[in-house]
Amino acid sequence: MRQSASEAKTLLVKAGRGVGVPIGLLEDLAPSALWLQACGRNGLDQALAAIQCLDEGRALPEFVEVPSMRPVHSEQTKQLSSVYLLVALGDRLQLGGFDQQRTASFHAVDCPELVAAALVLLHRELKISGCLTVRAEASVFISEPRGGGISVLRSSVAGQELGTRGSLDVSVDRVHDFDREGDTVLDGDAERLALERSWQEGLVVAAETVEGLQHYASRLLVPESDQSLRFGAGAGIIDSD
């Protein structure tokens, strides 16, 4: 089924509020999820999975402190919430907190691509001089210096095996020396075409994903009763209501 970006964002925000996620965090999550969805990477499915992880207690609803570049692991039985992590890392990126030639590594992230998308979009918007590389499981997200463009690859990097479930590695380098051997999933031209199509025709979203988001959004509804009507719920029945 198809939905406009504004409809999808509204539903996503309501779903997040239904499990208690602060509105500010959802405003940061939504652009990442919608961009991934427009580019054919099921961003709304991932957002739904992240919301479900929080609701079921599989991910912790708290920010991760990242004062150093040492690997950050979640608790053995818990995951790092991408909803909270993308905000923490976005703040760090804006403050210039990523050192050149060093990598920040995170493990057991529930939906790493949500974080990767948020960071490359922010990096491009800020027109930062260094090149940002984010490895999210089997995909590599790259934002060129000074807003030069975003690309997504599926590859191995310098002999490293990608694909570790829940892995996320973030680095900012002065020069872009990434080995581009492998599949280019998204480049500047493909992104422009995908975004134009989504603006003109709406986003293609699986019915099951919409139903899942509606399930959580429905928690914001109040039961129909005389008391709820007295406190302003529902529509009025006369013009003066």
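Just so it is clear, the structure is predicted and the values come from calculations on it, not from any experiment.

Regarding its fold elements, the protein presents 8 helices and 10 strands. By the burial criterion, 47% of the 241 residues in the protein qualify as buried. When the accessible area of the protein is evaluated, it comes to approximately 12,700 Å², of which 48% is carbon and sulfur surface.

Ordered by their spatial adjacency, 6 strands build an open sheet running β4-β8-β5-β6-β7-β9, and the pairing between neighbours is antiparallel. Both edges of this open sheet fall to β4 (103-106) and β9 (183-186), since each of them pairs with a single strand only. Here the average twist between neighbouring strands, direction ignored, is 20 degrees. Strand direction decides the pairing type here: strand β5 (residues 131-136) and strand β8 (residues 168-173), joined by 6 bridges, are antiparallel.

Our focus in this paragraph is the nonpolar core. Within the largest apolar cluster, 65 residues are counted, with the highest numbers of intra-cluster contacts made by Trp35, Leu168 and Val170. Leaving out residues up to four positions away in the same chain, Leu168 has contacts with Leu85, Leu89, Ala104, Ser105, Phe106, Val109, Pro112, Val115, Ala116, Val134, Arg135 and Ala136.

On to the state of the cysteines. Across all of its chains, the model carries 0 disulfides by this definition. Note on Cys111: no disulfide assigned, nearest cysteine sulfur contributed by Cys53 at a separation of 5.9 Å.

A word on unusual backbone geometry. For residues besides glycine, phi is generally negative; the peptide bonds are generally trans as well. In this structure, Asn42 takes a positive phi of about 55 degrees despite not being glycine. Mapped onto the elements of the fold, Asn42 is located in the loop between α2 (23-38) and α3 (43-55). Backbone geometry places Arg146, a non-glycine residue, at a positive phi of 55 degrees. One can find Arg146 in the loop between β6 (139-143) and β7 (150-154). Classification of Arg146 as exposed rests on a relative accessible area of 58%.

All right, on to α2 then. Relative to the 22 Å expected for 16 residues at 1.5 Å per residue, α2 spans 22 Å between its end C-alpha atoms, a close match to the ideal helical length. Remark: the principal bend of α2, roughly 25 degrees, maps to Leu29, with a proline, Pro31, within the next four residues. The set of residues buried in α2 consists of Leu25, Leu26, Leu29, Ala30, Ser32, Ala33, Leu34, Trp35, Leu36, Gln37 and Ala38. Remark: Gly40 follows α2 within two positions and exhibits a positive phi of approximately 80 degrees.

Let us now look at the packing of α2 against helix α5 (residues 112-126). Contact pair α2 / α5: the axes reach a minimum separation of 9 Å and the direction vectors enclose 100 degrees. Judged by the angle between their axes, α2 and α5 are roughly perpendicular. Residue-level contacts link Leu29, Pro31, Ser32, Ala33, Trp35 and Leu36 of α2 to Glu113, Leu114, Ala117, Ala118, Leu121 and Arg124 of α5. Within the contact of α2 with α5, the residues separate by chemical class into 9 nonpolar, 1 polar and 2 charged.

Next up on the list: the pattern of salt bridges. Within the structure shown, the criterion is met by 7 salt bridges. Between Asp55 and Arg219 there is a salt bridge, and its shortest N-O distance comes to 2.7 Å. Highlighted residues: Asp55 in helix α3 and Arg219 in the loop between α7 (207-217) and α8 (226-230), separated in sequence by 164 residues. Exposure remark for Asp55: the relative accessible area of 32% places this residue in the partly exposed category. Judged by its relative accessible area of 41%, Arg219 falls in the partly exposed class. For Arg192, the salt bridge goes to Asp189, with nearest N and O atoms at 2.2 Å. Placement of both Arg192 and Asp189 in helix α6 (residues 188-201) is noted, with a separation of 3 residues, approximately one turn of the helix. Taking relative accessible area as the criterion, Asp189 reaches 51% and is therefore assigned exposed.

Cut-offs and rules
Residues numbered from 1 in each chain as written. Predicted model: local features only at pLDDT ≥ 70, side-chain atom pairs only at ≥ 80, totals over all residues. Heavy atoms only, no water. Helix = DSSP H or I, 4+ residues; strand = E, 2+ residues; numbered from the N terminus. Buried < 20%, exposed > 50% of the residue type's maximum accessible area, 1.4 Å probe, protein only. Areas by Shrake-Rupley, 256 points an atom, 1.4 Å probe, with all protein chains shown as cover. Pairing = 2+ DSSP bridges. Axes fitted to C-alpha atoms, helices over the stretch in contact; angles between N-to-C directions. Core = buried A, V, L, I, M, F, W, Y, C linked by side-chain atoms within 4.5 Å. Contact = heavy atoms within 4.5 Å. Disulfide = S-S within 2.5 Å. Expected span 1.5 Å × (residues − 1). Bend = angle between axes of the 7 residues up to and from the residue. Parallel < 35°, antiparallel > 145°, perpendicular 65-115°, else oblique. Nonpolar A, V, L, I, M, F, W, Y, C, P; charged D, E, K, R; others polar. Salt bridge = Lys/Arg side-chain N within 4 Å of Asp/Glu carboxyl O.

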